[in-house]
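Summary of structural features
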Amino acid sequence: MGLELFLNAVVAGILLGGFYAAVALGLSITFGQLDIVNIAHPAFVIIGSYTAFIMNEHFGLDPLLIGVLFTPIFFIFGMGLYRFYYVSFERTGQESLSGLAFFFGIMFIIEVILILAYGVDYRLVEADYIGETIHFGFISIPFRMLVPFLAAAGMTGAVYLYLSKTFTGRAILAVAQDRLALQLMGADPVKIKQIALGIAIATTAIAGALLIIIGPVEPSVGRLYIGRVFAIVILGGMGSISGTITAALMIGIVESIVATFYGPSWAPAVGFSILLLTLAFRPQGLFGRA
Amino acid sequence: MKAPLLTFWPCAIAIFAAGFIFTLIADNEFYFFASYVVLQAVIMATAWNILGGFTGYVNFGSAGFFAVGAYTTIALNKAFGLPLPFLILAAAICSGIVGLAAGYLTLRLKGVYFAIATLAMSIVFETIANNWEYVGGASGAYILTPDDSLFFDSYIELLFMLILTLAIGSAAVARYMSSSRMGRGLAAIRDDEVAAECNGVPTLKLKLISASVMGAMMGVAGAPYPFFVTYVDPVSAFNLLIAVNAIAMPMIGGTASWIGPIIGALLVGGAQEIITVTISSEMNLLVVGVMLVAFITLAPKGIVGLYQDYRKKRRRQ
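Definitions and cut-offs
- Residues numbered from 1 in each chain as written.
- Chains lettered and ligands numbered in written order.
- Predicted model: local features only at pLDDT ≥ 70, side-chain atom pairs only at ≥ 80, totals over all residues.
- Helix = DSSP H or I, 4+ residues; strand = E, 2+ residues; numbered from the N terminus.
- Rg over C-alpha atoms; globule rule 2.2 N^0.38 Å.
- Buried ≥ 20, exposed ≤ 12 C-beta atoms within 10 Å, placed from the backbone.
- Contact = placed C-beta atoms within 7 Å.
- Axes fitted to C-alpha atoms, helices over the stretch in contact; angles between N-to-C directions.
- Parallel < 35°, antiparallel > 145°, perpendicular 65-115°, else oblique.
- Left-handed = near helix turned anticlockwise from the far one by under 90°.
- Nonpolar A, V, L, I, M, F, W, Y, C, P; charged D, E, K, R; others polar.
- Pairing = 2+ DSSP bridges.
- pLDDT = per-residue confidence, 0-100.
- Expected span 1.5 Å × (residues − 1).

Within chain A, the secondary structure is distributed over eleven helices and two strands. Reading chain A from its N end, one meets helices and strands in the order α-α-α-α-β-β-α-α-α-α-α-α-α. The C-alpha radius of gyration of chain A comes to 19 Å, within 12% of the 19 Å expected for a compact globule of 290 residues. Taking the principal axes of its C-alpha atoms as reference, chain A extends roughly 60 × 45 × 35 Å. Looking at chain A as a whole, 52% of its 290 residues qualify as buried. Summarising the internal contacts of chain A: among those between residues at least 6 apart in sequence, 78% fall at separations of at least 24.

Written as structure tokens, this is what we have:
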């Protein structure tokens, strides 16, 4: 019985971790590559969830489809956000204090507007596969976990290919390492960063849809994800996609085991505790060199 | 902005006396409740600014430090029934240690890690409070206010005078820290940490002292809170608004001097009380958020900075 419970927790943790990778992916680009501490990233994920909820309720569209359809809008918004951030803070070298407080303020505003518009009730989406479960022996896999896992894997793979194969993608990886060299290659760092933040915010449209497929969402849920996603990005070695996936799976599994054996009320502390331990002992990440 | 020693203390005593007279003449208890909230914000903003404004390290977890203070009061009050001054002292020590620990773990790293660590700490503490049955767990704890309110008409008047005293004390500490030799070291850290270290400023030591003082001060602000609200649960003690206010008020008032956070706290805190009563508490949250973002982008030096620019312009004319 103990073993069955344990294996089920591990499988659930892997599915959860795959989803966490999708949530952390955008932050891995912004925080890891661009050095923009977008603490409001989870808040954008929540906007993605509410978009899925609204479109699902009014038009009955599939939440995942909504997520994909809305990526261009989120992309454009992310580009605009970078413009604003660049003009207000980065150009004048104020990003460390003011930039941080700026994103904190944005996060708070998003949360309050969602509360004003939709209240603090939990919202959910409807789709045929939510609620179905498949069984392999004693291991059961609910579709509301499996679908987000597969979608997350697809999105992470696509972003990985884009970053490693295309010119713009490689420029994004380069912009943080050597700005001058990038300029010599004929790429405008500001434009590259603009596209990068666009992509990062675009991922939140899909990640948000996945979040609301997994379970009901209310505006303050985003805050719990701050610890998780920052833990994942820092553990994963700041900006490495493979590191992000590994760290996400790890945190997913640990959280799932803790929730199974000690009760779900302890689960939120897992991500944050791992984050604190990482900062204290391995700030360069699991695979990074000191 | 440096008020000479001769004018700071007379002003402080005058404010204290004015507060005392206020307790004698005002009848409506609402004024004391509202003033308490604003003065608590003054302490929180002043505390935040000691690290955030003077050295440039952002603390996102102010609510966590505040709640550690509040929960120290609840736990010690339940266990031993200590009098309030001891509870405040104990809360200061506990939150100070938390500040020191957070600083020790992350202040050697880049500033953002400290910011994220404080946020993480706040959530870890909230989870612990949610699961700690002795102090009420997720459902919260009730605190009985003592019957004895000294020579004041009611207990809220006592609390009002207490928080006024603590606020003046916090301002004195912040003022001392900014105008002393230590303050110059802190300012050097904010401007260029590497250069400061090279010039012999003991950066880590100064940052750790600031982090401890910040934590202790926030604990002090949280310590009387259970007696003020008489019912504390994790949602209220760890409220995000506390953390947002602690950042927004110094940013709006101006982070460079000790007076900035006080101006910010009085203005924003006062406006919040009015908006909460006249419109709604959600609208009050939105106003703080928008003001924070507006000031950061348009007037990064805050109200004090705007005033200084204005004076400079006039002098030139």
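That shown, we press on.
Per the secondary structure count, chain B includes 15 helices and two strands. Viewed in the frame of its principal axes, chain B has a C-alpha envelope of about 55 × 45 × 40 Å. Within chain B, residue pairs in contact and separated by at least 24 positions form 79% of the contacts whose partners lie at least 6 positions apart.

All right, on to the packing of helix H12 (residues 240–253) of chain B against helix H13 (residues 259–278) of chain B then. Two quantities define a packed helix pair, namely the angle between the axes and the distance from one axis to the other. Residue and element names in this part refer to chain B. Orientation of H12 relative to H13, taken along the N-to-C sense of each, is 110°, at an axis distance of 7 Å. When the interaxial angle is binned, H12 and H13 end up roughly perpendicular. Handedness of the H12/H13 crossing: right-handed. For the pair H12 and H13, the contacting residues are Ala-248, Met-249, Pro-250, Ile-252 and Gly-253 in the first and Gly-260, Pro-261, Ile-262, Ile-263, Gly-264, Ala-265, Leu-267 and Val-268 in the second. Residue composition of the contact of H12 with H13, by class: ten nonpolar, three polar and no charged.

Turning to the interface of chain A and chain B, a few remarks are in order. At the junction of the two partners, chain A supplies 32 residues and chain B supplies 34 residues. Sorting the residues of the side of chain A that touches chain B by element identifies helix H4 (95–118), helix H9 (221–235) and helix H11 (267–281) of chain A as the ones contributing at least two each. In terms of residue count, the dominant contributor to the side of chain A that touches chain B is H4 of chain A (15 residues). Looking at side-chain class alone, the side of chain A that touches chain B contains 24 nonpolar, eight polar and no charged residues.

Let us look at the packing of H11 of chain A against helix H5 (residues 111–131) of chain B. One way to put it is that H11 of chain A packs onto H5 of chain B with a least axis distance of 9 Å and a crossing angle of 140°. The handedness of the crossing between H11 of chain A and H5 of chain B is left-handed. Residues Pro-268, Ala-269, Phe-272, Ser-273, Leu-275, Leu-276 and Leu-279 of chain A of H11 of chain A form the contact with H5 of chain B, whose own contacting residues are Tyr-113, Ile-116, Ala-117, Ala-120, Met-121, Ile-123, Val-124 and Thr-127 of chain B. Classifying every residue of the contact of H11 of chain A with H5 of chain B gives 13 nonpolar, two polar and no charged.

A word on the pairing of strand E1 (residues 133–136) of chain A. Residue and element names in this part refer to chain A. When E1 meets strand E2 (residues 139–142), the two strands line up antiparallel, connected through four bridges. Bridging across to E2, His-135 finds its partner in Ser-140. Between E1 and E2, which pair antiparallel and follow one another directly, the connecting turn spans two residues, one of which, Gly-137, has a positive phi of 60°.

With that settled, the discussion passes to the confidence of the model for chain B. Model confidence for chain B is summarised by a mean pLDDT of 86, while 98% of its residues fall at 70 or above. Across the interface, the model reports ipTM at 0.81; the global pTM reads 0.86.

The phi torsion at Asp-35 of chain A lies on the positive side, around 65°, for a residue other than glycine. Its location among the elements puts Asp-35 of chain A in the loop between helix H1 (2–33) and helix H2 (41–59). We classify Asp-35 of chain A as partly exposed; it has 17 C-beta atoms within 10 Å. With a phi angle near 60°, Thr-230 of chain B is a residue other than glycine that sits in the positive phi range.

Time to look at helix H8 (residues 189–214) of chain A. In this model, H8 of chain A (26 residues) spans 37 Å end to end at C-alpha, consistent with the 38 Å of a helix rising 1.5 Å per residue. The buried fraction of H8 of chain A amounts to 21 of the 26 residues, a majority that puts the element mostly inside the structure.

In this structure, Pro-202 of chain B sits in the loop between helix H8 (193–198) and helix H9 (203–222). The spatial distance from the C-alpha of Pro-202 of chain B to the C-alpha of Leu-266 of chain B is 34 Å, given a sequence separation of 64 residues.

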